[in-house]
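Each chain, written out:
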Amino acid sequence: MSVFEGFRFRHVSSPIHRLDPRVKFFYVLVIFGVAIAFLEVLPLILLFLIQIPFVLVASVQREWIRSLKGASFLAILIFVVNFAFGYFGGFYPSSMSPWEYPLAMSLRFLVLVESFSIFFLTTSPDHLSLALEQSHVPYEFCFAFTTAVRFVPVLAEEAQTIMDAQKARGLELEKGNFIKRVRNYIPILIPLIVSAIRRSLELAEAMESRAWGATEKRTNLYVLKMRSADYTLIAISIGMVIISIYVRLFITIPSLTMLLT
Amino acid sequence: MIEIKGVYFTYPTGVEALKGVSLTIRDGEFVAIMGSNGAGKTTLVKQFNGLLKPAKGEVLVDGVNTRKVSIASLARKVGFVFQNPDNQLFCENAEEEIAFALKNFGFKEETVKSRVTWALNLLGLTQYRQTSPFMLSGGERKRLALASVLAWEPKVVVLDEPTIGQDFEQKERLRQFIVQLNAQGKTVIIVTHDVEFVADCGPRVVLMAEGKIVADGNAKEILTDKELAFKASIVPPQITQIFLGLADFGLPTDVINVHEAGKILLDFLKEEVKP
Ligand SMILES: Nc1ncnc2c1ncn2[C@@H]1O[C@H](COP(=O)(O)OP(=O)(O)OP(=O)(O)O)[C@@H](O)[C@H]1O
Ligand SMILES: [Mg+2]
């Protein structure tokens, strides 16, 4: 469950937390785009490093490291699979060593995880919903989205309780071969799904009985407004786009292999 | 026998739920653990079958340290009925639900069959044998969860808030049932807020507050102590409150249940108010 912890919002106040979520999301998209545009190790390392100041300013380093730890398994998997295919299939650029391309792939993955983790760690579900609403997404969707986000940790906790309950009835999760182990999770998944459905029906009833959707036009107590910090981040993001386009078009990035030899 | 020796426990979130708890529960005892919300009752009973392991101190079940054995092997001895039955029901019908644990413990096919029948019968669920657990009412689901634990006849039965959501009749049946279990020599541990229920059962009461045991004694002692009750935010049974108020008339103040109270009042009236 610790992977979830790496994305779970906690109320802290920092300049990053106060940024407009729309701007933050734009920034995440830019990072995303740039990470896709490059397959060389050097720019990806750079991309990974320039986000660290954000983490420090927002002081979410503990959770952030947790999310990276959670992602590291997948990153290693990506490396191994790509390496195996490249090495035995010979699919790798001739200018690189066989390990460089797989390394870039897993770095790319880590960069994506890193930026999404920063986004979710520093954006409250309420702010996110506001941002969606003010981008003219219908309110029902915004509400469904934020409720889903908010219920992830609740669900994780519930899964833990259910596991406890089934272990108390003698269920041993780590017993048996692979198929048996997967099947061991049935007694956990069914109560989890049933109670999630039951809870959502109850939530719907509770909301209807408190007159949800009674007014046609909703107004919000808080309205998102862009501030100078937001414009700065937009400028930085656009700058990054321009620089990466320039670098992509006019500069050949040396591969790590070339630098090392 | 369950021995808890100086146990401390902290959740990963940093909440220190147990702060040095020591307690011994002998075989065949009937214990009610009471105390305010968040006092650490559930955290304490989860130590009994190894679902949670102490951070400091140790828990011994029949002399075996819970850190050294698997939950499954402890569960064979210590049956645990969770507060919310929805956390464990998942099978197609009641019968399979009860058989689940039995199969996990490796009982023989025939034994499983006979135990299932026995347990369904024991809790008045026989007519629901083929019914999906999800179709049962809340109270029935709770009884099914109980049946699914009793089926393997654990030596110790832990019930977390068994009376919640039960109507009067079911509660009375549950009470008789628990007393009967205990009379058959099982150790019964209940966690509850229901003072009237405890007063009617008359078990040993362990009172908790803020992760510590603040009192331990028989139901009469604990439930009639106003100060203690206040400390652990429980209220003495209503009948006790009346008798505490009538202390000036020379009536006893340690009355906790209605039968007892009726007798005392009747005697008193016969003495004082001659017809
Ligand atoms: N899974 C958990 N993660 C983190 N903290 C928890 C968890 N479960 C309980 N706690 C905390 O530990 C403390 C003791 O909780 P516990 O569930 O043992 O109380 P309780 O006496 O059973 O209360 P109740 O009467 O409400 O059932 C509480 O402060 C609670 O917030
Ligand atoms: Mg509890």
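Residues numbered from 1 in each chain as written. Chains lettered and ligands numbered in written order. Predicted model: local features only at pLDDT ≥ 70, side-chain atom pairs only at ≥ 80, totals over all residues. Heavy atoms only, no water.

Visitor: Tell me what's going on with unusual backbone geometry, and back it up with residues and numbers.
Guide: Residues and elements named next belong to chain B. The backbone phi angle of D62 is positive, close to 50°, even though this residue is not glycine. Note on placement: D62 falls in the loop between β4 (56-61) and β5 (64-65). By relative accessible area, which is 30% here, D62 ends up partly exposed. Even without a glycine there, the phi angle at S233 is positive, about 45°. Along the chain, S233 turns up in the loop between α9 (226-231) and α10 (238-245). (Helix = DSSP H or I, 4+ residues; strand = E, 2+ residues; numbered from the N terminus. Buried < 20%, exposed > 50% of the residue type's maximum accessible area, 1.4 Å probe, protein only.)

Visitor: Which residues make up the site of ligand 1, and what values do they have?
Guide: Residue and element names in this part refer to chain B. Around ligand 1, the structure places 14 residues, and the nearest of them are N37, G38, K41, T42 and T43. One of the side-chain nitrogen or oxygen atoms of N37 is found 2.9 Å away from an oxygen atom of ligand 1. Residue G38 places a main-chain N or O atom 2.8 Å away from an oxygen atom belonging to ligand 1. Relative to its free-state accessible area of 630 Å², ligand 1 is covered by the protein chains to the extent of 67%. Its residues assigned to classes, the shell around ligand 1 shows four nonpolar, eight polar and two charged. (Near = heavy atom within 4 Å. Polar contact = N/O pair within 3.5 Å; in protein donor to acceptor, adjacent residues only side chain to side chain. Areas by Shrake-Rupley, 256 points an atom, 1.4 Å probe, with all protein chains shown as cover. Nonpolar A, V, L, I, M, F, W, Y, C, P; charged D, E, K, R; others polar.)

Visitor: Outline the interface of chain A and chain B, listing residues and values.
Guide: Across the contact, 18 residues belong to chain A and 23 residues belong to chain B. Carbon and sulfur atoms supply 60% of the area buried between chain A and chain B, which totals about 1,800 Å² over both sides. Contact with chain B buries surface across chain A, with A168, R169 and R198 of chain A losing the most and accounting together for 39% of the total. Scanning the region where chain A abuts chain B turns up three salt bridges. A salt bridge links E97 of chain B to R169 of chain A; the shortest N-O distance between them is 3.1 Å. The interface formed by chain A and chain B contains five residue pairs in polar contact (both at pLDDT 80 or more). (Contact = heavy atoms within 4.5 Å. Buried area = accessible area lost by both parts, 1.4 Å probe. Salt bridge = Lys/Arg side-chain N within 4 Å of Asp/Glu carboxyl O.)

Visitor: How would you sum up a nonpolar patch on the surface? Please name residues and give values.
Guide: A surface patch of nonpolar side chains, amounting to about 620 Å² of accessible area, comprises V241, I245, Y246, L249, F250 and I251 of chain A. When you line up the elements, V241 of chain A lands in helix α12 (residues 228-250). (Patch = residues over 30% accessible without salt bridge, like charges linked within 9 Å, V, L, I, M, F, W, Y side chains within 5 Å.)

Visitor: Before we move on, could you go through the domain arrangement of chain B and cite the residues and values that matter?
Guide: All names here are of chain B. For chain B, the domain assignment lists domain 1 (2-234) and domain 2 (237-275). For domain 1 versus domain 2, the distance between C-alpha centres works out to 34 Å. Taken together, the two surfaces of domain 1 and domain 2 that pack against each other cover about 790 Å², and 66% of this comes from carbon and sulfur. The largest per-residue losses of area from domain 1 upon contact with domain 2 belong to A199, K220 and T224, which jointly make up 57% of the total buried on that side. On the surface where domain 1 and domain 2 come into contact, there are one salt bridge. The residue K220 makes a salt bridge to E260 at a minimum N-O spacing of 2.3 Å. Scanning the region where domain 1 abuts domain 2 turns up two residue pairs in polar contact (both at pLDDT 80 or more). (Domains from an automatic or database assignment.)

Visitor: Give a detailed account of the sheet that holds β4 of chain B, specifying residues and quantitative values.
Guide: All names here are of chain B. Overall, antiparallel pairing links the four strands, which are arranged β2-β1-β4-β5 in an open sheet. On the outer flanks of this sheet lie β2 (16-25) and β5, each paired with one strand and no other. Sheet analysis places strand β1 (residues 2-10) next to β2, joined by seven bridges and oriented antiparallel. Residue pairing for β2: T10 is matched across the bridge by E16. Contacting β1, β2 and β4, helix α1 (residues 41-48) runs over the sheet at an angle of about 55° to β2. (Pairing = 2+ DSSP bridges. Axes fitted to C-alpha atoms, helices over the stretch in contact; angles between N-to-C directions.)

Visitor: Describe in detail the sheet that holds strand β6 (residues 78-81) of chain B, supporting the description with residues and values.
Guide: Residues and elements named next belong to chain B. Here we have six strands laid out as an open sheet, ordered β6-β7-β8-β3-β9-β10, and mixed in their pairing. Each edge of the open sheet carries a strand with a single partner, namely β6 and β10 (212-218). If you compare each strand with its neighbour and ignore which way they point, the axes differ by 15° on average. Where strand β7 (residues 156-160) meets strand β8 (residues 187-191), five bridges bridge the pair, whose relative direction is parallel. In the sheet register, L159 faces β8, and the bridge partner there is I190. Across the face of the sheet, α1 comes into contact with β3 (30-35), β6, β7, β8 and β9 (204-209) while running at roughly 145° to β3. Each of β3, β7 and β8 is contacted by helix α6 (residues 168-183), which is oriented at about 145° to β8, the strand it contacts most.

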